[in-house]
Amino acid sequence: MVHPVFDNLPTTIFERMSGLARQHGAINLGQGFPDDQGPLPVREAAARALLDGSNQYPPMRGLPELRAAVAGHYGRTQGLSLDPDSEIIVTSGATEALAAAFLSLIAPGDEVVLFQPLYDAYLPLVRRAGGIPRLVRLSPPSWRFDRAMLEAAFSDRTRLVVLNSPLNPAAVVTPDEDLALLAEFCVRHDVIAVCDEVWEAVVFDGRAHRPLIGVPGMRERTVKIGSAGKLFGMTGWKVGFLCAAPPLAKALAAAHQFLTFTTPPNLQAAVAWGLEHHRAWFDEMPAALARARDRLASGLAVAGYAVLESQGSYFLNVDLAASGIGLDDVTFCERIVAEQGVAAIPVSAFYAENPVTTVVRLCFAKADATLDEAVRRLAAARTLYR
Ligand code: PMP
Ligand code: GLN
């Protein structure tokens, strides 16, 4: 008789809602992925690399050309100076980067501070590594933490804090003063920050993404995680990056080598090409997504929905209670997918305890016609569910 230890974990909310969307033939505004194919020149670079380049194991830390391109990109866009040889590791998506960080940096019994709402992979991985979660609860509309919340969560046993900014699903960017506050706690308690910055390129309205690794005191104690899937809007690519000072990077690489060892070389080559040669994308992409956000937000507002501000990511949230809808988020999502043909994500799924139950996440990285039809259906839902 086998006794699997992960068997009590439910299938992720993303997989579940995408399954329901398929079953009901619904418009899928649930799981976050764009409905276009991604930038053609970058896909052509991948095709060239597949046909003409090497298809054998690349170096364990990633193709040198990609590590150099990542360093160049973060230098240009975030003012960071990273050494491609000793401070950057290419992973199979941000998910593997997170797993490598937790496995290599957490010893059983270490406390790990995490902010709710939290991305679904964090808690199972932290617990599997032996970490003891200390949860800070954020709530709408600002989703911000303060000094008292950090005082309550940090202790002498804290080893790690996990920060996701821009924050999925809240779609907010951590303000500079909150980054400085968190840095103060990390330095005081000698804590490593694992920063999930997969949404760093998807910020709107002239905002700049500020990495915690660039805040004074954090350069040597931060692991910065990125994802080419999000940089280029091709979520299936699963090419991620770990960036950290050399001693941390060495520990991260030790975990990475036994998780996946490497990542397909052709996709690595294409990401390197895109970062170097398709730079206009990093202005065009957020501008196009901001237009899609505004289209969905204004349609929903006209239909009577209370739309929360979206500062970044592919998502915006609606507050059901403030929209005059008396259902909780899970019931609302189960009903609209089956009855109206729109899949969405209940934000309570991102809480391990004491969830916010009135907020629903919608993905706007879709064609105008898809968004317009979704608005029409959601408008009908609001009338029915009041
Ligand atoms: N972290 C966050 C906050 C995410 O939203 C996602 C996926 N969108 C990931 C990690 C996973 O990234 P990847 O697909 O590169 O593994
Ligand atoms: N990050 C995506 C989202 O938030 C989902 C990723 C996944 O399905 N694992 O929608």
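Note that the structure is predicted; figures quoted are calculated from it, not measured. (Residues numbered from 1 in each chain as written. Chains lettered and ligands numbered in written order. Predicted model: local features only at pLDDT ≥ 70, side-chain atom pairs only at ≥ 80, totals over all residues. Heavy atoms only, no water.)

Enquirer: Please explain the site of ligand 2 as it appears in this structure.
Expert: Taken together, Phe14, Gln31, Gly32, Tyr119, Asn168, Phe315 and Arg361 make up the full set of residues adjacent to ligand 2. Contact distances for ligand 2 include 2.6 Å between an oxygen atom and a backbone N or O atom of Gly32. Here Tyr119 contributes a side-chain N or O atom positioned 3.4 Å from a nitrogen atom of ligand 2. For ligand 2, whose accessible area on its own is 300 Å², the fraction buried by protein is 79%. In a pocket analysis with a 2 Å cut-off to the grid points, ligand 2 is assigned to the second largest pocket. (Near = heavy atom within 4 Å. Polar contact = N/O pair within 3.5 Å; in protein donor to acceptor, adjacent residues only side chain to side chain. Areas by Shrake-Rupley, 256 points an atom, 1.4 Å probe, with all protein chains shown as cover. 1 Å grid on protein atoms, 1.4 Å probe; cavity = no way out; pocket = protein on both sides within 12 Å on 5 of 7 lines; lining within 4 Å. Sits in = over half its atoms within 2 Å of the grid points.)

Enquirer: Help me understand the sheet that holds strand β2 (residues 88–91), please; the structure alone is not making it clear to me.
Expert: Sheet strands pair via backbone hydrogen bonds, and the direction of the pair is either parallel or antiparallel. Pairing is mixed in the open sheet, where seven strands are placed in the order β2-β8-β7-β6-β5-β3-β4. Looking at strand neighbours, the two that pair on one side only are β2 and β4 (132–137), the edges of this open sheet. Here the average twist between neighbouring strands, direction ignored, is 20°. Strand direction decides the pairing type here: strand β7 (residues 222–227) and strand β8 (residues 240–243), joined by four bridges, are antiparallel. Among the inter-strand pairings, Ile225 is bridged to a residue of β8, identified as Leu242. Here helix α7 (residues 176–189) sits on the sheet in contact with β3 (111–116), β5 (158–164) and β6 (192–196), set at roughly 165° to β5. (Pairing = 2+ DSSP bridges. Helix = DSSP H or I, 4+ residues; strand = E, 2+ residues; numbered from the N terminus. Axes fitted to C-alpha atoms, helices over the stretch in contact; angles between N-to-C directions. Contact = heavy atoms within 4.5 Å.)

Enquirer: Where do I start with the packing of aromatic side chains in this structure?
Expert: Within a pair of aromatic rings, the relevant descriptors are the distance that separates the centres and the angle that separates the planes. Applying the stated criterion to the full structure yields twelve aromatic pairs. Geometrically, the ring pair formed by Tyr119 and Tyr122 is edge-to-face, given 5.9 Å between the ring centres and 65° between the ring planes. When its relative accessible area of 24% is taken as the criterion, Tyr119 is described as partly exposed. The rings of Phe14, Tyr119, Tyr122 and Phe350 are connected pair by pair, giving a single aromatic cluster. Over the ring of Tyr74 we find Lys224, and its NZ or CZ is 4.1 Å from the ring centre. One Lys or Arg, Arg361, reaches over the ring of Phe315 and ends 3.4 Å from the middle of that ring. (Phe/Tyr/Trp six-rings, centres within 6.5 Å; stacked < 30°, edge-to-face > 60°. Buried < 20%, exposed > 50% of the residue type's maximum accessible area, 1.4 Å probe, protein only. Lys NZ or Arg CZ within 6 Å of the ring centre and 35° of its normal.)

Enquirer: Teacher, can you tell me more about unusual backbone geometry here?
Expert: Glycine aside, negative phi is the norm for most residues, and most peptide bonds take the trans geometry. Residue Gln116 is joined to Pro117 through a cis peptide bond whose omega torsion reads 5°. Structurally, the position occupied by Pro117 is in the loop between β3 and α5 (122–128). With an omega of -10°, the peptide bond running from Ser165 to Pro166 counts as cis. Tracing the backbone shows Pro166 in the loop between β5 and α7. Even without being a glycine, Asp190 presents a positive backbone phi close to 55°. Checked against the element boundaries, Asp190 lands in the loop between α7 and β6. Of note, Phe261 is a non-glycine position whose phi angle comes to about 70°, a positive value. By secondary structure assignment, the location of Phe261 is in the loop between α9 (246–259) and α10 (265–277). By relative accessible area, Phe261 is classed as partly exposed at 33%.

Enquirer: Explain the side chain of Glu87 to me, please; I cannot follow it from the model alone.
Expert: You can see Glu87 is positioned in the loop between α3 (64–78) and β2. If sequence neighbours within four positions are ignored, Glu87 has contacts with Ser81, Leu82, Arg219, Leu242, Cys243, Ala244, Ala245, Pro246 and Ala249.

Enquirer: Would you mind going over the packing of α3 against α10 with me for this structure?
Expert: For any two helices packed against each other, one specifies the crossing angle of their axes together with the interaxial distance. Running from N to C, α3 and α10 cross one another at 30°; their axes reach a closest spacing of 9 Å. Judged by the angle between their axes, α3 and α10 are roughly parallel. Like other packed secondary-structure pairs, α3 and α10 cross with a definite hand, here left-handed. Counted together, Glu65, Leu66, Ala69, Val70, His73 and Arg76 of α3 and Gln268, Ala269, Val271, Ala272, Leu275 and Glu276 of α10 form the full contact between these two elements. For the contact of α3 with α10, the per-class residue count stands at seven nonpolar, two polar and three charged. (Parallel < 35°, antiparallel > 145°, perpendicular 65-115°, else oblique. Left-handed = near helix turned anticlockwise from the far one by under 90°. Nonpolar A, V, L, I, M, F, W, Y, C, P; charged D, E, K, R; others polar.)

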